[in-house]
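# Remarks on the overall topology
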Amino acid sequence: VLSFFKTMATTSKSTKPKRLPLLSSMLLFTMNLIACLFSFLPNVIQIYFSTFMIGGLFGLTLFPLMLLHGLLYAWDAWFPSTFPPFIYIYSGLAVLYIVTVLMMDKSTIIPPNVGVVRNWEQSWIEKRSASFWNTHFDYFPMKLVVDDDAHLDKTKQYVFAVHPHGIHCWPLNMLAFPNNPFDKQFNFISDGKMTGLVATIMFQIPVVRELFLNMGYVDASRKVAQKVLSNGRNVMVCTGGEEESMRTVVGKDSVVLKNRKGFVRLAVSHGAALVPVFGIGNNDLFQTYSFLIDF
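Notes on the structure in this doc start here. (Residues numbered from 1 in each chain as written. Predicted model: local features only at pLDDT ≥ 70, side-chain atom pairs only at ≥ 80, totals over all residues. Heavy atoms only, no water.)

## A few points about a positive patch on the surface
- A contiguous patch of positive charge, built from R222, K258, K261 and R265, is present on the exposed surface.
- Relative to the elements of secondary structure, R265 occurs in helix α13 (residues 262–270). (Patch = residues over 30% accessible without salt bridge, like charges linked within 9 Å, V, L, I, M, F, W, Y side chains within 5 Å. Areas by Shrake-Rupley, 256 points an atom, 1.4 Å probe, with all protein chains shown as cover. Salt bridge = Lys/Arg side-chain N within 4 Å of Asp/Glu carboxyl O. Lys, Arg positive; Asp, Glu negative; His and termini not counted. Charge placed at Lys NZ, Arg CZ, Asp CG, Glu CD. Helix = DSSP H or I, 4+ residues; strand = E, 2+ residues; numbered from the N terminus.)

## Details of the packing of aromatic side chains
- A full pass over the atoms with the stated rule returns 18 aromatic pairs.
- A ring pair is formed by Y139 and F140, whose centres lie 4.9 Å apart and whose planes are at 85°; its orientation type is edge-to-face.
- For Y139, a relative accessible area of 38% puts it in the partly exposed group.
- Exposure remark for F140: the relative accessible area of 14% places this residue in the buried category. (Phe/Tyr/Trp six-rings, centres within 6.5 Å; stacked < 30°, edge-to-face > 60°. Buried < 20%, exposed > 50% of the residue type's maximum accessible area, 1.4 Å probe, protein only.)

## Describing the pairing of strand β1 (residues 158–163)
- Buried residues dominate β1, accounting for six of its six residues.
- Side chains Y158, F160 and V162 of β1 all project onto a buried face; the interleaved residues V159, A161 and H163 project onto the opposite face, where all are buried too.
- Summarising the sheet, β1 and strand β5 (residues 273–278) pair through six bridges and their orientation is parallel. Bridge assignment links V159 to a residue of β5, and that residue is L274. (Pairing = 2+ DSSP bridges.)

## Notes on the pattern of salt bridges
- Counted according to the given criterion, the structure contains one salt bridge.
- Linking D105 and R209 is a salt bridge whose minimum nitrogen-to-oxygen distance equals 2.9 Å. Of the two residues, D105 is situated in the loop between α5 (86–103) and α6 (124–133) and R209 in helix α10 (residues 208–214); the sequence distance between them amounts to 104 residues.
- Among the residues examined, D105 registers a relative accessible area of 13% and is labelled buried.
- Accessibility expressed as a relative area gives 2% for R209, which makes it buried.

## A few points about a nonpolar patch on the surface
- Together, V44, I45, Y48, F49 and Y139 make up an exposed nonpolar region whose accessible area comes to about 470 Å².
- The greatest single-element share of the nonpolar patch, amounting to four residues, is contributed by helix α3 (residues 43–55).

## Side note on the nonpolar core
- Formed by 48 residues in total, the largest nonpolar core has its most connected members in F160, F182, F212 and Y217.
- Top element by residues in this core is helix α2 (residues 22–38). It accounts for seven residues.
- The residues contacting F182, other than those within four sequence positions of it, are L144, L152, F160, M174, L175, N187, F188, I189 and M194.
- In this structure, V159, V218, V228 and A267 belong to the second largest nonpolar core, which totals 12 residues. (Core = buried A, V, L, I, M, F, W, Y, C linked by side-chain atoms within 4.5 Å. Contact = heavy atoms within 4.5 Å.)

As structure tokens, this is what we get:
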């Protein structure tokens, strides 16, 4: 009887991604639409645009804002005095986003079940959008090098510990985007078995939040990470975090591990194997200045 109910509980787990709140869905659709439009540009321009947009991650919020402002401005020009002042519209949307998304939505702390594949390539627009974002691999080409004795068993669980963080942890993209060399070799992404962990602050920024959720990331707290492994998925995390990022120096690979061994305890407690991932040259991608690094 107990085994029957366990089987029923297992099979009842949904393999469909959770729906985002309305405003989050609208922001994600807007970004997909913008990326879709960019996908019709010549390939060389797409490469620069996608790299610039991912590299300037925190500025992505400006794209939907500019589009909204342009639409409101055009409407006001064609139909004067039909809208309240723009500041009221923006303020209302900001309050609505804070309440319905940042305060009420729990998507960042509820990891998906095993087999849940993110749904960013379902529609024609999403497919065109995905093709645009993937062009950044042509600007920062990544080669997957796997040790000869490394064999990843798809029936087991893994914690992929990525170093170094750099200004942006570009090596994580190899583990997050489908149809790249890692996914083609091991199929963990396409099979819905990969979940990324990212700092809480990333989920407080509109658009950035939606893009990370769409790529299968959740909050990097210990409790959420344990839920991810309990759900039968694998974890990918840039273990050095903000401290490692702040110590990025061109030509020098700095790895921060002192007082950051929680990912080791996490793997041991769930019987997951640790897989070290090192992005050679990641710290050389951005010019940095380190004269204030110790203050």
